[in-house]
Amino acid sequence: MRIIFATFYPRPYPAEPMNELIEPLLKERGIEYVTFYTLDHIDPEKRVGYSMEGEGLKFDAAIVIPPHVGVDIKYVPEDVLDSDRFVQADKFTNRVKGFDDAFVIGDASALPVAKTGVTAHL
């Protein structure tokens, strides 16, 4: 069985310390990887995924993780949310943009950090 891991990052895992562990495991298990691959669309009849650059990857089974986007948060002014509906905040204090007494944590934040459990764990 051939397994290909495609990612839009320059390496299999974006954070280099974790990548130093992940990349050798992929190689050890015979899992190929393609970097700088940003999925644009899938042709289900041809069973091909196409990147934004036009590169095609054939598949028998595609497992796709959609982009993270914010949710419909009640009672939050629209100008506090970014275009992906994450709450904008100060990167040093987590204070919500325009508020002295409101803070945002976790996946609701627009801060440029990974939004995965592994990041919280580390």
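This one's a predicted model, so the numbers in the text were calculated from it and none came from an experiment.

Caption draft 1: View of the nonpolar core. Membership of the largest hydrophobic core is limited to 5 residues, which are Val-80, Leu-81, Val-87, Val-96 and Val-104. Beyond its immediate chain neighbours, meaning those up to four positions away, Leu-81 contacts Ile-73, Val-76, Phe-86, Val-87 and Gln-88.

Caption draft 2: Summary view of the pattern of salt bridges. Applying the stated criterion across every chain, the model contains 5 salt bridges. Here Arg-11 and Glu-16 are joined by a salt bridge, their closest N and O atoms 3.1 Å apart. Accessibility expressed as a relative area gives 26% for Arg-11, which makes it partly exposed. A salt bridge links Asp-60 to Arg-47; its shortest N-O distance comes to 4.0 Å. Taken as a pair, Asp-60 in the loop between β5 (56-58) and α2 (117-121) and Arg-47 in the loop between β3 (39-43) and β4 (48-51) lie far apart in primary sequence, 13 residues in all. You can call Asp-60 exposed: its relative accessible area is 69%. Arg-47 gets classed as partly exposed once you look at its relative accessible area, which sits at 42%.

Caption draft 3: Examining unusual backbone geometry more closely. For Phe-36, which is not glycine, the phi torsion reads 55° and is therefore positive. Structurally, the position occupied by Phe-36 is in the loop between β2 (32-34) and β3. Within the chain, Asn-94 stands out as a residue other than glycine whose phi angle is a positive 65°. With respect to the helices and strands, the residue Asn-94 is situated in the loop between β5 and α2. Given a relative accessible area of 25%, Asn-94 falls into the partly exposed group.

Caption draft 4: A look at the packing of aromatic side chains. Counting across every chain of the model gives 1 aromatic pair. When the centroid spacing of 4.4 Å and the interplanar angle of 35° are considered together, the rings of Phe-8 and Tyr-9 count as tilted. Residue Phe-8 is classed as partly exposed on the basis of its relative accessible area, which comes to 48%.

Caption draft 5: Structural detail: the sheet that holds β4. The strand order β3-β4-β5 describes an open sheet built from 3 strands, whose pairing is antiparallel. Every interior strand has two partners, whereas the edge strands, β3 and β5, have only one. Sheet twist, expressed as the average angle between the axes of neighbouring strands with direction ignored, equals 25°. Note that β3 and β4 share 4 bridges and pair antiparallel. Bridge assignment links Leu-39 to a residue of β4, and that residue is Ser-51.

The rules behind these values
- Residues numbered from 1 in each chain as written.
- Predicted model: local features only at pLDDT ≥ 70, side-chain atom pairs only at ≥ 80, totals over all residues.
- Heavy atoms only, no water.
- Core = buried A, V, L, I, M, F, W, Y, C linked by side-chain atoms within 4.5 Å.
- Buried < 20%, exposed > 50% of the residue type's maximum accessible area, 1.4 Å probe, protein only.
- Contact = heavy atoms within 4.5 Å.
- Salt bridge = Lys/Arg side-chain N within 4 Å of Asp/Glu carboxyl O.
- Helix = DSSP H or I, 4+ residues; strand = E, 2+ residues; numbered from the N terminus.
- Phe/Tyr/Trp six-rings, centres within 6.5 Å; stacked < 30°, edge-to-face > 60°.
- Pairing = 2+ DSSP bridges.
- Axes fitted to C-alpha atoms, helices over the stretch in contact; angles between N-to-C directions.

Keep in mind these values describe shape, not function.
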